[in-house]
Amino acid sequence: MSPATGDRHRVVVLALDGVYPFELGIPARVFGSVAEHYEVLTCSPDGRPVRTNSDFSVTVEHGPEALRTADTVVLPPFDMSLLSRELPAGAAGALASVPAGARIVSICTGAFVLAAAGLLDGRPATTHWALAPVFRDWFPRVDLDPDVLFVDDGDVLTSAGAASGVDACLHLVRKDHGAAVANHVARVCVVPPWREGGQAQYIEQPVPETTANGTSATRQWALEHLHEPLTLSELAGHARMSLRTFARRFDEEVGMSPGRWLIQQRVARARQLLESTDLAVDDVASQAGFTTGTSLRQHLHAAIGVSPLAYRRTFRGEAALP
């Protein structure tokens, strides 16, 4: 069962002992917002209630048999005091029930389970930045990047803590059904519609207490002028700051350079246009602010690994191609 068949894609959430309640509810909240596309089930390794990391337990409706029918499996985080190099109780049998070809997603400490099961060996992955030293020590075969929100490696996706689980699930909705559906989910959940997986997990500097002298207004202005050849000088001028002050303040607020942020926004605009219009690739490039169709192809491939036409075919089918 997959999105391409017209049947609902089944997401099964595996709750382990010590599960974090907030993250446990993320898949149901995000995927459940478009119930016509997804069915969300929650299970435990033995079908019994699961103790959370708070002062209550949760009763689940399903046991490990639900995993045998999963198209996507989500592993929410669990209490850090329970972390181990070995698989948690019941996890091995539960993961053995996951069918070949199913997508597996971890949030925060859920990556420790996947690593202990050997599912991340030789693969890129992430987890909460604070746990990176322990993770690297225990699982040296994993190519860990603790500085990003999530890593999509095809059939396995790992994400950092808390809110990055929302980003990862929205990313999958967008991947499955396009920007329009993902943006609808974001509006329903009242969250940002898209944060690039490579965005920094956290920002070292404290966010300025006031936005009066911040870059927010300039970022909004830039989004309205993406089709123009924006320069750092123009952005700094709009914000009424020196180049050096603007670049520093931008990095403090966003966690990346203005140039990198602009490229991400232009790629996002291009993806939206490829999904929703019949514009030629060169016209999409122009409206998204890329100088040429070749530039768009290079940046889109660097971001998601496909060409513009292949991306359009994914969401709109052969009929949409010239």
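Residues numbered from 1 in each chain as written. Predicted model: local features only at pLDDT ≥ 70, side-chain atom pairs only at ≥ 80, totals over all residues. Heavy atoms only, no water.

Undergrad: I'm lost on the environment of Pro49 in this one. Help?
TA: As for its placement among the helices and strands, Pro49 is situated in the loop between strand 2 (38–43) and strand 3 (50–51). Sequence separation of Pro49 and Asp17 is 32 residues, and the distance between their C-alpha atoms is 9.0 Å. Each residue touching Pro49, except ones within four places of it in the same chain, is listed here: Val58 and Thr59. (Helix = DSSP H or I, 4+ residues; strand = E, 2+ residues; numbered from the N terminus. Contact = heavy atoms within 4.5 Å.)

Undergrad: Sorry, what's going on with unusual backbone geometry here?
TA: For residues other than glycine, phi is negative in most cases, and the peptide bonds are mostly trans. Backbone geometry places Cys108, a non-glycine residue, at a positive phi of 55°. Tracing the backbone through its elements, the reader meets Cys108 in the loop between strand 6 (103–107) and helix 3 (110–116). By relative accessible area, which is 7% here, Cys108 ends up buried. Backbone geometry at Val190 places phi at a positive 55°, although glycine is not the residue there. Positionally, Val190 belongs in the loop between helix 6 (179–189) and helix 7 (216–224). Val190 sits in the exposed class, given a relative accessible area of 71%. (Buried < 20%, exposed > 50% of the residue type's maximum accessible area, 1.4 Å probe, protein only.)

Undergrad: What is the right way to read the sheet that holds strand 2 from this model?
TA: Remark on secondary structure: sheet strands pair via backbone hydrogen bonds, oriented parallel or antiparallel. In space, the 6 strands of this open sheet follow the order 2-1-5-6-10-9, with mixed pairing throughout. The two strands at the open ends of the sheet, each matched to only one other strand, are strand 2 and strand 9 (150–152). The average angle at which neighbouring strand axes cross in this sheet is 15°, direction not considered. Where strand 1 (residues 9–14) meets strand 5 (residues 72–75), 3 bridges bridge the pair, whose relative direction is parallel. Bridging across to strand 5, Val11 finds its partner in Thr72. Contacts from helix 1 (residues 21–31) reach strand 1, strand 2, strand 5 and strand 6, with the element oriented near 160° to strand 2. (Pairing = 2+ DSSP bridges. Axes fitted to C-alpha atoms, helices over the stretch in contact; angles between N-to-C directions.)

Undergrad: What exactly am I supposed to notice about the pattern of salt bridges here?
TA: Note that side chains of opposite charge can pair when their charged atoms are close. Applying the stated criterion across every chain yields a total of 11 salt bridges. A salt bridge links Asp176 to Arg103; its shortest N-O distance comes to 2.9 Å. A residue pair is termed long-range when its members are at least 10 positions apart, and Asp176 in helix 5 (residues 164–177) and Arg103 in strand 6 qualify at 73 residues. Of the two residues examined, Asp176 and Arg103, each falls in the buried class. A salt bridge links Asp155 to Arg123; the shortest N-O distance between them is 2.5 Å. Here Arg123 lies in the loop between helix 3 and strand 7 (124–125) and Asp155 lies in the loop between strand 9 and strand 10 (156–159), a separation of 32 residues in the sequence. Where salt bridges share partners, they join Arg123, Asp153 and Asp155 into one cluster. (Salt bridge = Lys/Arg side-chain N within 4 Å of Asp/Glu carboxyl O.)

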